[in-house]
Amino acid sequence: MDLTTSLKSLLLAIRQYKDNRTTENTAQLQRQVEDVSSLKCDHLLSSGQVLPCECVSGLVELAGSPNTSPALISSIINLLAQLACDNDSRGILHSSYNLTSTLASVIHCHNATPENPLVLQCLQVLQKLTYNTQIFQSTNYIQELVSFLVTNIQSQNDDIIMPCLGLMANLCRDNLSVQNHIKSLDNVKPFYRTLINFLAHNSLTVVVFTLSILSSLTLNEKVGEKLFDAKNIHQTFQLVFNIIVNGDGTLTRKYSVDLLVDLLKNPKIADYLSRYPHFSACVSQVLGLLQSKDPDSAAKVLELLLSMCSVSGLRTLLCNVVFKPASAKLKAGSRRQVAGRKEESGLALVQWLSSPVEGTESCSLQALHLLHELLKESLGSASVPDCVVGFVEMLLPVLLSLLKGTPAKSDAHLRKHCQRVTHVTSLLLILCTDDSTRSMVSCHISAQLCLSQVESLLSCSCSSSPLTSVPAGSDDSLSQVCAEALLKTLELMSKLRQQVKDMETSFYRMLQDQRIITPLSLALTSHHRECVQTGLSLLFEATPLPDFPSSVLGESMAANNAYRLREAELSVKRLAVQEAPPPRSNTNQLDSSTSSSRGVHSLVEKIQNGLELQEQVKESHVSEIIDVYAQKISTFASQERRLQDLLEAKAVALSQADRLIAQYRYQRSQAEAEAQKLGSLLKDAERRCEDLQCELRNQTLELERSKVDMEALLQHNTRLQLDSEEHQALKGGYNALLNRFNETERLLKELQISHISVTKVNDTLRKNQEALQLQHDKLTSELQDRDEEVRSLQLDLQHKNSDITGLHAELRAEGEKGRRKDEERKELEETVDVLRKELNKTEQSRKDASIKASSLELQKSQLETKLKQKEDELNKHSAMIAMIHSLSSGKIKNEVNLSL
């Protein structure tokens, strides 16, 4: 049975169970749930199909109902846990179907029996569902869930402690509302003592969960300062690194990496780690995990290394570990072992760039980002080490093979391809910052490769227009990602246009292409500074070109700005719509909070006025009043945060209701369309049936007529058969006589041809005999002459042998002169190569000088026109001055100088 049929049967069983909760319907529904669980349901929710959404909505509703049997709830939760196989599906289950609140309600219903298998199952699914997910403290049953976790973590039941700790670590991480709620509990101090006791637990997983909870709750408090101070932090580092390298599995390694990433966000702890003496050895062991084929472990290791790269002090140490050889302080045997491990780690890091292992797309992007940061740090130093150059030489073929891949047709694969191209070109641009690595890049890359990559990206960018795709105006849209990859490739071509053959021609040709306007306008109107800078640098290169469409670029930029403005207005309207009034049950609380807040503000004003009149009030009483009202202000602030969380939860519920209404309308329109289609098909079938009946009557009449014609044809056929037999007999006799005649004629022709050939051979033999007799007489006379010549040549040979001995000595002298000439020729060729390079540079400078000369000639012509105008004005002024002085007295006229 296929998946679609199973889902339809499951949906039918859900509806029957909702209508009538009998034992038979319960068993049928549980059987259908188990059948779907046995099938492969990967990426089912993220596909966006209607049938799975309806099934999941019904199952989540039944799981949250208190009237559903525990066995059926367990089967439903098992199926939902199977559907939450990737990050997108987990996000959909949490946000669209509110599965987190449903499972929390199930735990709340069975909180009296925490050892119930259903509770353990809900805790495990919640731990999987809430990983790296933001949970609001005001969500339904979250406060009850937190109280349940705090209570059972302090219990003695080892089976439930571990899932409770993992779920608590997820809820506390980067979640201020849940952290404040836990800190406001009455039994928080015993809870802290229990967590501190768990640090000595035998299970590494329990220790990691505990450290994660303590870092989230107490890192910026006094308890956290004592736990993570300078005395204990080195032991914590060693413990976390040991758990990452020798953990109990992928889950423990995942939470250990998250813990270390959270600790690195604290500047003080990051400084402690930069001064940790065993940092290089620990990072080498962590890099050894990249040699495994587990993509989840590799992804977490790369995430940890990237977080270390964000700290300036750790980034230099990472470069020393990844690129440089082993330290000279180590022993000989250990030095060889560590060096080999580093080489293997570097090779494993390169292999993760294009490894075909399933699910390694994020690993590839993370590895590219990590290499970008490390090589940027290494190449930015004064002198590039030789080990970095060797690593780049190994890395370049892999990077170029990634550029040769063709993008897939789906949007998801195309997005990943464009992101990979962006990271690869960014890494190549980093390699172009140094002379040694830039020469290596120019030797490996070709203009045809960059040109084909630009053409494919242009076709992808044009197929996903920024004004038609949704949402194109956002910075993470498909068109924006394609544009970023395209402009990075053009920037790489600009960097290498002088070093690679035909690269400059290809670069300027692509800049004058009309299709480049769309990605260039997206980059110039982007919110990212790097994209704008890349677009401006390419614009400066393209503006002087004759065929660059500047006006089209301006129109495209204006259209993008208008689109972004419209999106901003629509987002403001959406926010205004979402700001709905709170429920009735909370109106009194809001009114009381607002009135009390007004009272607090008035009291604060009175206190300030009282502080100004310090002569009438004592300082101790004022400080007590301030403490009281400060506490009240903090309580009101916490209530305001809770109300804000409630409003956000209501907004989420409202959006979910809108989605369900839209889904219902879509299903109804789809059903009406199917009904209309079925009605039209029924009418067509009836009309066709009537036509077929008329055709059947005509066919019966034609059949009777054909029977009569058949009898007449049979009689005529018998007569024709007799005539054909006679014709065949006559034809056989004629063929026999014709064959005999052809055979006789063929023999006669062969005999005539053989006779002619024999006579020709006889004539040729006679002629050959006469010629051979003449040659024999001539050869005898020549033989006598040759004998006399041989005698004379023997005498000459003796004279030549004597001359050869003298010529050998001269030949040796000439050989030495030839070697000297070859060495001089090689030196001249090297000087010619140098002169050619200088000639190319001179030619380039000549082109630049010609361009400058053309501009100077234009300026000269403009200045000459201006100079003529000035001279005309000067002549006019001179004439006027002369006229004035002629009219004036003679004395002044003699003293005027009109020559200026």
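### Overview of the environment of Leu-145
Along the chain, the position of Leu-145 falls in helix 8 (residues 142-153). Spatially, the C-alpha atoms of Leu-145 and Ser-101 are 9.3 Å apart, while their sequence positions differ by 44 residues. Not counting chain neighbours up to four residues away, the residues in contact with Leu-145 comprise Ala-104, Ile-107, Leu-126, Leu-167 and Leu-171.

### Some thoughts on helix 8
The terminal C-alpha atoms of helix 8 lie 16 Å apart, and with twelve residues this matches the ideal 16 Å at 1.5 Å per residue to within 8%. All of the buried residues along helix 8 are Ile-142, Leu-145, Val-146, Phe-148, Leu-149, Val-150, Asn-152 and Ile-153. Residues of helix 8 that are buried sit in contact with helix 6 (99-109), helix 7 (117-129), helix 9 (158-172), helix 10 (176-183) and helix 11 (188-198).

### A few points about the pattern of salt bridges
Going through the model one piece at a time under the given rule, you end up with 24 salt bridges. With a closest N to O distance of 2.9 Å, Arg-515 and Asp-513 form a salt bridge. Between Arg-825 and Glu-829 there is a salt bridge, and its shortest N-O distance comes to 2.8 Å. A residue pair is termed a helical-turn pair when its members lie 3 or 4 positions apart in one helix, as Arg-825 and Glu-829 do in helix 32 (residues 619-887) at four residues. Taking relative accessible area as the criterion, Arg-825 reaches 40% and is therefore assigned partly exposed. Taken together, the salt bridges that share partners define one network made up of Arg-173, Asp-174, Asp-258, Asp-262, Lys-265, Lys-300 and Glu-303.

### Comments concerning a negative patch on the surface
Taken together, the side chains of Asp-822, Glu-823, Glu-824, Glu-827 and Glu-830 present a region of like negative charge at the surface. Relative to the helices and strands, Glu-827 is located in helix 32.

### Some points on the packing of aromatic side chains
Inspection of the entire model under this criterion finds six aromatic pairs. Seen from their ring centres, Phe-237 and Tyr-276 are 5.7 Å apart, and the 65° between their planes marks the pair as edge-to-face. Pair noted here: Phe-237 is in helix 14 (residues 233-245) and Tyr-276 is in the loop between helix 16 (267-274) and helix 17 (279-287), with a separation of 39 residues, a long-range link. The same class applies to Phe-237 and to Tyr-276, which are both buried. Within the aromatic cluster, the residues linked to one another by ring pairs are Tyr-131, Phe-209 and Tyr-255.

### Observations regarding empty space enclosed by the protein
If you walk through the whole model with that rule in mind, you get four cavities of 30 Å³ or more. Here the largest cavity defines a volume of roughly 60 Å³. Around the largest cavity, the lining residues are Gln-480, Ala-483, Glu-484, Leu-487, Lys-488, Pro-519, Leu-522, Ala-523, Glu-530, Cys-531 and Thr-534. Sorting the residues of the lining of the largest cavity by element identifies helix 26 (478-495), helix 28 (517-524) and helix 29 (529-542) as the ones contributing at least two each. Per element, the largest residue contribution to the lining of the largest cavity is five residues, and it comes from helix 26. The residue inventory of the lining of the largest cavity, partitioned by class, reads six nonpolar, two polar and three charged.

### Observations regarding the nonpolar core
Grouped together as the largest cluster of nonpolar side chains are 193 residues, with contacts concentrated most on Met-168, Met-308, Leu-353 and Leu-428. At ten residues, the largest contribution of residues to this core is made by helix 22 (residues 386-403).

### Focus on the layout of surface pockets
Any empty space left between atoms is shown by rolling a water-sized probe over those atoms. Estimated volume of the largest pocket: approximately 1500 Å³. Residue assignment for the lining of the largest pocket shows that the elements contributing at least two residues are helix 5 (87-95), helix 7, helix 15 (250-264), helix 18 (295-309), helix 21 (361-379) and helix 23 (411-431). Of the residues belonging to the lining of the largest pocket, the class tally is ten nonpolar, twelve polar and 13 charged. Taken as a whole, the second largest pocket holds about 770 Å³ of empty space. Lining the second largest pocket are 26 residues, with His-372, Ser-426, Glu-484, Lys-488 and Glu-530 positioned closest to its centre. Secondary structure elements with two or more residues in the lining of the second largest pocket: helix 21, helix 23, helix 26 and helix 29. When the residues that make up the lining of the second largest pocket are grouped by side-chain class, the tally is five nonpolar, twelve polar and nine charged.

### Section: unusual backbone geometry
At Asn-98, a position not held by glycine, the phi torsion is positive, near 55°. Secondary-structure assignment places Asn-98 in the loop between helix 5 and helix 6. Look at Asn-98 and you get partly exposed, because its relative accessible area is 28%. Residue Asp-502 is not a glycine yet carries a positive backbone phi of 65°. If you trace the backbone, Asp-502 turns up in the loop between helix 26 and helix 27 (503-511). For Asp-502, a relative accessible area of 47% puts it in the partly exposed group.

### Observations regarding the packing of helix 23 against helix 26
Two numbers describe how helix 23 lies on helix 26: the axes approach to 9 Å, and their chain directions differ by 25°. One way to sum up the angle between helix 23 and helix 26 is to call them roughly parallel. Pair helix 23 / helix 26 crosses with left-handed handedness. The residues of helix 26 that touch helix 23, namely those facing Asp-411, Leu-414, Arg-415, Cys-418, Gln-419, Val-421, Thr-422, Thr-425, Ser-426, Leu-428 and Leu-429, are Leu-478, Val-481, Cys-482, Glu-484, Ala-485, Lys-488, Thr-489, Glu-491, Leu-492 and Lys-495. Considering only residue class, the contact of helix 23 with helix 26 consists of ten nonpolar, five polar and six charged.

### Things to note about the confidence of the model for the protein chain
Mean pLDDT over the protein chain works out to 80, with 85% of the residues at or above the 70 mark. Counted against residues more than four places away or in other chains, residues 465-475, with its pLDDT under 50, gives 25 contacts. Note that residues 575-601 has pLDDT below 50 and, in this model, eleven contacts with residues that lie over four places away or in other chains.

### Re the packing of helix 18 against helix 19 (residues 312-322)
Between helix 18 and helix 19, the least distance of the axes is 7 Å, while the angle of their chain directions is 125°. By the criterion of interaxial angle, the relationship of helix 18 to helix 19 is oblique. Of the residues in helix 19, those in contact with Leu-305, Met-308 and Cys-309 of helix 18 are Leu-314, Arg-315 and Leu-318.

About the cut-offs
- Residues numbered from 1 in each chain as written.
- Predicted model: local features only at pLDDT ≥ 70, side-chain atom pairs only at ≥ 80, totals over all residues.
- Heavy atoms only, no water.
- Helix = DSSP H or I, 4+ residues; strand = E, 2+ residues; numbered from the N terminus.
- Contact = heavy atoms within 4.5 Å.
- Expected span 1.5 Å × (residues − 1).
- Buried < 20%, exposed > 50% of the residue type's maximum accessible area, 1.4 Å probe, protein only.
- Salt bridge = Lys/Arg side-chain N within 4 Å of Asp/Glu carboxyl O.
- Patch = residues over 30% accessible without salt bridge, like charges linked within 9 Å, V, L, I, M, F, W, Y side chains within 5 Å.
- Areas by Shrake-Rupley, 256 points an atom, 1.4 Å probe, with all protein chains shown as cover.
- Lys, Arg positive; Asp, Glu negative; His and termini not counted.
- Charge placed at Lys NZ, Arg CZ, Asp CG, Glu CD.
- Phe/Tyr/Trp six-rings, centres within 6.5 Å; stacked < 30°, edge-to-face > 60°.
- 1 Å grid on protein atoms, 1.4 Å probe; cavity = no way out; pocket = protein on both sides within 12 Å on 5 of 7 lines; lining within 4 Å.
- Points joined across faces, edges and corners; volume = space filled by probe spheres on them.
- Nonpolar A, V, L, I, M, F, W, Y, C, P; charged D, E, K, R; others polar.
- Core = buried A, V, L, I, M, F, W, Y, C linked by side-chain atoms within 4.5 Å.
- Axes fitted to C-alpha atoms, helices over the stretch in contact; angles between N-to-C directions.
- Parallel < 35°, antiparallel > 145°, perpendicular 65-115°, else oblique.
- Left-handed = near helix turned anticlockwise from the far one by under 90°.
- pLDDT = per-residue confidence, 0-100.

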